[in-house]
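# Notes for the structure review
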Amino acid sequence: MNDVHATLIKQLCTRLTEKDNTPLYVKFADTIKQAVHSGLLPPGNVLPGERDFSQLTSVSRITVRKAMEMLEKQGAVIRSRGYGTQISDKFEYSLKEAKGFSHQVVLRGNKPDTRWVNKSIVSCSEEVAKLLDIAPGSDVFMLKRIRYVDQDPVSIEESYVPVDLIDNVDDIGLSLYDYFRSRHIIPQHTKSKVSASMPDKEFQSYMKLDTVIPVLVIKQVAFDRQNRPIEYSYNLCRSDMYVFVSEE
């Protein structure tokens, strides 16, 4: 057992013996996610097997298996027969839940960041107007930003928001959805379309890529609790960094 795994086992044993109502498998999974977030477990790190984890932490293999299944579902690990379980280098993003990019990154145990490129008012096109259920040519905020996961650029996002939903655009920080919630606008669900294309020069430059890789194109409309469209976004995402899921 190497030093990294020895440290992980100590952290697991400490957390598992803490007395609270959290299920053991959740404690187990959360501890591993924290180790990923802290940098202890880098992408690609192969974790000990279920039997080793069970023996070293004094919990059942069923508990370990449930924790690994939870981590796999969240996209934090990749499990494959013959290769074991390793820390994922991809970011899994749910297309169903309106949690927003930053919140989903944090839930996965990573650190989100944003670099703003543009915050301006523009006249919306017929396509955007139809998606936002407003008149063509209406003023909307166009918000363009580069998204990061653990300091790595992963996507370019353009969002279009009706002007009446934003009081002061400079108050929007890391998360647009957090800003919405601060104004009692609650994102409830999303409708998304996914396609693929080859990147343009702008994408290559922002992503700092030396090689050309396919781009995932995500067109998404977010709705509030009254089923009112509150945002249309056009996202260009690195195919080597993202896995998109849509649960029924």
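I will try to describe carefully the structure that is included in this document. The structure displayed is predicted, hence computed values, not measured ones.

Criteria and cut-off values
- Per chain, the residues get numbers from 1 upward, laid out in the order the sequence is written.
- Given that this is a predicted model, residues contribute local features only at a pLDDT of at least 70 and side-chain atom pairs are listed and counted only at 80 or more, while totals for whole chains, interfaces and linings are drawn from all residues.
- Side-chain numbers here rest on the full set of heavy atoms in the structure, without hydrogens or water.
- Counting from the N terminus, the helices are DSSP H or I runs at least four residues long and the strands are E runs at least two residues long.
- Helix span, expected: 1.5 Å multiplied by one less than the number of residues in the helix.
- For every residue, the accessible area (1.4 Å probe, protein chains only) is compared with the maximum for its type, and the residue is labelled buried under 20%, exposed over 50%, or partly exposed between those bounds.
- As used here, the arc is the angular range of directions from the helix axis to the C-beta atoms.
- Contacts are assigned to residue pairs that have any heavy atoms within 4.5 Å of one another.
- Residues adjacent in sequence count toward polar contacts only when both atoms are side-chain atoms; beyond that, a polar contact is any pair of N or O atoms within 3.5 Å, and within protein one must be able to donate a hydrogen and the other to accept it.
- The criterion for strand pairing is that DSSP finds at least two bridges linking the strands in question.

### Describing helix H1 (residues 3-16)
Helix length check: H1, at 14 residues, gives a terminal C-alpha distance of 20 Å against a target of 20 Å (1.5 Å per residue), a fit within 8%. Buried within H1 we find His5, Leu8, Ile9, Leu12, Arg15 and Leu16. For H1, the arc enclosing every buried residue in end-on projection is 130°, short of the 170-degree limit, so these residues lie on one face. Exposed residues pointing more than 90 degrees away from the buried face of H1 are listed as Asp3 and Lys10. Its buried side turned inward, H1 meets helix H2 (24-38) and helix H3 (50-57). N-cap assignment for H1: the residue whose side-chain oxygen lies 3.2 Å from the backbone N of Val4 is Asn2.

### Brief notes about the pairing of strand S9 (residues 229-238)
Summarising burial for S9: nine of the ten residues are buried, a large majority. Of the strand pairs in this sheet, strand S6 (residues 152-162) and S9 are connected by six bridges, and their pairing is antiparallel. By the bridge assignment for S9, Ser159 is matched with Ser233. The pairing of strand S8 (residues 215-224) with S9 spans nine bridges and is classified as antiparallel. Each residue of the ladder has a partner; that of Val221, found in S9, is Tyr232. Connecting S8 to the next strand, S9, in antiparallel fashion are four residues, including Asn227 with a positive phi near 65°.

### Brief notes about unusual backbone geometry
We note that Asp133 has phi near 60°; this positive angle belongs to a residue other than glycine. If you trace the backbone, Asp133 turns up in the loop between helix H6 (126-132) and strand S5 (139-149). Its identity as a non-glycine residue notwithstanding, His184 has a phi of 65°, on the positive side. Within the secondary structure layout, His184 lies in the loop between helix H7 (176-182) and strand S7 (187-197). When its relative accessible area of 72% is taken as the criterion, His184 is described as exposed.

### A word on the environment of Val169
Position of Val169 among the secondary structure elements: in the loop between S6 and H7. With relative accessibility at 12%, the residue Val169 sits in the buried group. Sequence spacing of Val169 and Phe141 is 28 residues, and the spatial spacing of their C-alpha atoms is 8.3 Å. Apart from the residues within four sequence positions on either side, Val169 is in contact with Lys119, Phe141 and Leu143.

### Examining the side chain of Ser159
By secondary structure assignment, the location of Ser159 is in strand S6. Within the structure, the side chain of Ser159 is placed 3.1 Å from the side chain of Glu157, a separation counted as a polar contact. In contact with Ser159, not counting residues within four places along its chain, are Phe141, Met142, Leu143, Arg145, Leu176, Glu231, Tyr232 and Ser233.

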